[in-house]
Amino acid sequence: MSSTAGGGSTQTGADAGPAARLGLASGMVVQELGWDNDTDDELRVAIEDAIDADMVDGDYGNVVDAVLLWWRQDDGDLVDGLVDALTDLVGGGAIWLLTPKVGRPNAVDAADIAEAAPIAGLSQTTTATVSKDWSATRLIAPKTPA
């Protein structure tokens, strides 16, 4: 009945780090796109620790379980970026769109994400706070019959 420690979902527990909030676990292959000198290195390390491997880049050439897409307002057309991020994503996988939080330089308006996702064939499901300066939006492609 209270919002103090011990109550609520497991995501509010002390063990629920940013990688857990993103649903990333050991053995997953995570592709990182849009890395630059402003990305959050602590978040990157937490994700690599959680998956027990290095993240792969755009030249990986095989299917991935999730894509981490760092995106800033001045990175160009978001629809194009999302479509490109789908290239190696396995069916049922998620794109985590990482954008600077509101009020930070190059923040992406939530309306821009809401508009771009369906054009790229994606559905927006959740948003998570993953670091001091970055928010993550989970985007998934509809499952297609085999």
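Provided above is the structure to which this section pertains.
Just so it is clear, the structure is predicted and the values come from calculations on it, not from any experiment. (Residues numbered from 1 in each chain as written. Predicted model: local features only at pLDDT ≥ 70, side-chain atom pairs only at ≥ 80, totals over all residues. Heavy atoms only, no water.)

1. Side note on the overall build of the protein chain
- Secondary structure assignment for the protein chain yields four helices and five strands.
- In the protein chain, the succession of helices and strands from N to C terminus is α-β-α-β-α-β-α-β-β.
- Every one of the 146 residues in the protein chain was classed for burial, and the buried ones make up 38%.
- Put simply, 72% of the contacts in the protein chain that link residues at least 6 apart link residues at least 24 apart.
- Accessible surface computed for the protein chain: about 8200 Å², of which carbon and sulfur atoms make up 50%. (Helix = DSSP H or I, 4+ residues; strand = E, 2+ residues; numbered from the N terminus. Buried < 20%, exposed > 50% of the residue type's maximum accessible area, 1.4 Å probe, protein only. Contact = heavy atoms within 4.5 Å. Areas by Shrake-Rupley, 256 points an atom, 1.4 Å probe, with all protein chains shown as cover.)

2. Section: the sheet that holds strand 2 (residues 64-70)
- What the five strands build is an open sheet, ordered 1-2-3-5-4; its pairing is mixed. Strand pairing shows two members of the sheet lacking a second neighbour, strand 1 (30-33) and strand 4 (123-129), which therefore form its edges. Recorded for the sheet is a direction-independent mean angle of 20° between the axes of neighbouring strands.
- Relative to strand 2, strand 1 runs parallel, the two being bridged by four bridges. Each residue of the ladder has a partner; that of Gln 31, found in strand 2, is Val 67.
- Contacts from helix 2 (residues 41-51) reach strand 1, strand 2 and strand 3 (89-100) within the one sheet, and its direction differs from that of strand 2 by about 175°. (Pairing = 2+ DSSP bridges. Axes fitted to C-alpha atoms, helices over the stretch in contact; angles between N-to-C directions.)

3. Describing the pairing of strand 3
- Extensive coverage of strand 3 is indicated by the burial of nine of its 12 residues.
- In this sheet, strand 3 lies alongside strand 2 in parallel orientation, the contact comprising six bridges. Looking across to strand 3, one finds that Leu 69 is bridged to Leu 97.
- Following the backbone out of strand 2, through helix 3 (residues 78-85) and into the adjacent parallel strand 3, one traces a crossover that is right-handed.
- In this structure, strand 3 lies alongside strand 5 (residues 134-140), joined through seven bridges in antiparallel fashion. Residue Thr 99 lies in a different strand from strand 5, and its bridge partner there is Ser 135. (Right-handed = clockwise from strand over helix to strand, strands pointing away.)

4. A look at the side chain of Ser 135
- Along the polypeptide, Ser 135 turns up in strand 5.
- Residue Ser 135 is classed as buried on the basis of its relative accessible area, which comes to 17%.

5. A word on the nonpolar core
- Ranked by internal contacts, the top residues of the largest apolar core, which has 20 residues, are Val 67, Leu 69, Leu 82, Ile 95 and Leu 97.
- Every element with two or more residues in this core is listed here: strand 2, helix 3, strand 3 and helix 4 (110-119).
- If one sorts the elements of this core by residue count, helix 3 sits on top with four residues.
- Contacts of Val 67, omitting those with residues within four sequence positions, involve Gln 31, Leu 33, Ala 85, Leu 89, Ala 94, Ile 95 and Trp 96.
- If you look at the next biggest cluster of nonpolar residues, it comprises 18 residues, including Val 30, Leu 68, Ala 94 and Ala 136. (Core = buried A, V, L, I, M, F, W, Y, C linked by side-chain atoms within 4.5 Å.)

Don't take any of this as a statement about function, it's just geometry.
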